[in-house]
Amino acid sequence: MARLASRIQPCLWFDTQAEEAARFYTGIFPQSRILSVSHFSEVGQEHHGKPPGSVMAVSFTLDGQEMLALNGGPQFKFSPAVSLMVQCDSQAEIDHYWNALGEGGDPAAQQCGWLADRYGLSWQVTPRDWERLLNAPDQAASRRAWAAIHTMKKLDIAALQAAFDGR
């Protein structure tokens, strides 16, 4: 099968969990699969310090988006400064992705549709049309929607729409 032609490919830096994380993520999203797994060799071991044969990188698609998970070591950690956004068409989708991605994650890092998964990677699980509510010409309605979002962890489409409508 031909590789995807996307010019931009996110690379996620893990300590040693790249393959585990890629399998976790591909088990959650449709149109997802592991493409390849590469391993460290003795070449460059003075730099990478990883045992020859251990997993170096995993190339995978996540809902059609090509990604790379790299076992780079403990020097760098994920932060909420970078997140992956999952745009959902229904409350059922929001519930599914929120629950699956948040399993084993940090409950303290959940707010306004954001969560941190078990690996520390931040996700935003949002309705696809959230910008319509938050950036509408009706500024009072948008303010009500913004206020509602700030009271939520997992976003509730019906509650956001009700706030927007002034109900």
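Residues numbered from 1 in each chain as written. Predicted model: local features only at pLDDT ≥ 70, side-chain atom pairs only at ≥ 80, totals over all residues. Heavy atoms only, no water.

Colleague: How should the overall build of the protein be read in this particular structure?
Modeller: Scanning the protein from terminus to terminus reveals six helices and eight strands. Reading the secondary structure of the protein in the N-to-C direction produces β-α-β-α-β-β-β-α-β-β-β-α-α-α. By its C-alpha atoms, the protein is 65 × 35 × 25 Å across when sized along the principal axes. A burial count over the protein gives 38% of its 167 residues as buried. (Helix = DSSP H or I, 4+ residues; strand = E, 2+ residues; numbered from the N terminus. Buried < 20%, exposed > 50% of the residue type's maximum accessible area, 1.4 Å probe, protein only.)

Colleague: So what exactly am I meant to see when it comes to the pairing of strand β1 (residues 11–14) here?
Modeller: When a strand is regular, its side chains alternate between the sheet's two faces. Of the two faces of β1, only one is covered, namely that formed by L12 and F14; the face formed by C11 and W13 stays uncovered. Here four bridges tie β1 to strand β4 (residues 65–71), and the two strands are oriented parallel to one another. Directly across from F14, in β4, lies its bridge partner N71. (Pairing = 2+ DSSP bridges.)

Colleague: What is the right way to read the sheet that holds β4 from this model?
Modeller: Two strands in a sheet stick together by hydrogen bonds in their backbones, pointing the same way (parallel) or opposite ways (antiparallel). Reading across the sheet, the four strands line up as β1-β4-β3-β2 and stay open at both edges, with mixed pairing between neighbours. Edge strands, defined here as strands with exactly one partner in the open sheet, are β1 and β2 (33–39). Going from strand to strand, the sheet's axes swing by 20 degrees on average, the running direction of each strand aside. As paired strands, strand β3 (residues 55–62) and β4 are joined by six bridges and run antiparallel to one another. Note that in β4 the partner of F60 across the bridge is M67. Relative to the sheet, helix α1 (residues 18–26) contacts β1, β2, β3 and β4, its axis offset from that of β3 by approximately 15 degrees. (Axes fitted to C-alpha atoms, helices over the stretch in contact; angles between N-to-C directions. Contact = heavy atoms within 4.5 Å.)

Colleague: Even after reading the chapter, I still don't get α1, so can you show me in this structure?
Modeller: Working note: α-helix, 3.6 residues per turn, so residues spaced by three or four point in the same direction. The complete set of buried residues in α1 reads A18, A21, A22, F24, Y25 and T26. In this fold, the buried residues of α1 make contact with β1, β2, β3, β4, α3 (91–102) and β8 (122–127).

Colleague: When you look at the pattern of salt bridges in this model, what are you seeing that I'm missing?
Modeller: Opposite charge on two side chains permits pairing when their charged atoms draw close. A complete count under the given rule lists seven salt bridges for this structure. Of the charged contacts in the structure, one is a salt bridge between D15 and K50, with a shortest N-O distance of 3.8 Å. With D15 in the loop between β1 and α1 and K50 in the loop between α2 (45–48) and β3, this residue pair connects regions lying 35 residues apart in the sequence. K50 sits in the buried class, given a relative accessible area of 12%. Residue R23 is joined to E19 by a salt bridge in which the shortest nitrogen-to-oxygen separation is 3.0 Å. (Salt bridge = Lys/Arg side-chain N within 4 Å of Asp/Glu carboxyl O.)

Colleague: How should I be thinking about α3 in this particular structure?
Modeller: The terminal C-alpha atoms of α3, which comprises 12 residues, lie 16 Å apart, in line with the 16 Å expected from a rise of 1.5 Å per residue. The set of residues buried in α3 consists of I94, Y97, W98, A100, L101 and G102. If you follow the buried residues of α3, they end up packed against α1, β5 (83–88), β6 (106–111), β7 (114–116), β8 and α6 (157–165). Directly beyond the C-terminal end of α3, a positive phi value near 80 degrees is found at G104. (Expected span 1.5 Å × (residues − 1).)

Colleague: Explain unusual backbone geometry to me, please; I cannot follow it from the model alone.
Modeller: As a rule of thumb, non-glycine residues mostly have phi less than zero, and peptide bonds are mostly trans rather than cis. Even without glycine at this site, Q31 takes up a positive phi of about 50 degrees. Locating Q31 in the fold gives a position in the loop between α1 and β2. The class for Q31 is exposed, based on a relative accessible area of 62%. The backbone of C112 sits at a positive phi, close to 50 degrees, despite the residue not being glycine. Turning to its location among the elements, C112 is positioned in the loop between β6 and β7.

Colleague: Is there a simple way to think about the nonpolar core in this case?
Modeller: Proteins that are soluble and globular tend to have nonpolar side chains buried together. Counting residues in each nonpolar core, the largest one holds 28 residues, and the members touching the most others are Y25, F60, L101 and W123. When residues of this core are traced back to their parent elements, those giving at least two are β1, α1, β3, β4, β5, α3 and β8. Setting aside residues no more than four positions away along its own chain, Y25 makes contact with L12, F14, F60, L62, L101, D117, Y119, L121 and W123. L133, A145, A148 and M152 belong to the second-largest nonpolar core, a separate cluster that totals 13 residues. (Core = buried A, V, L, I, M, F, W, Y, C linked by side-chain atoms within 4.5 Å.)

Function cannot be read off these values alone, since they describe shape.
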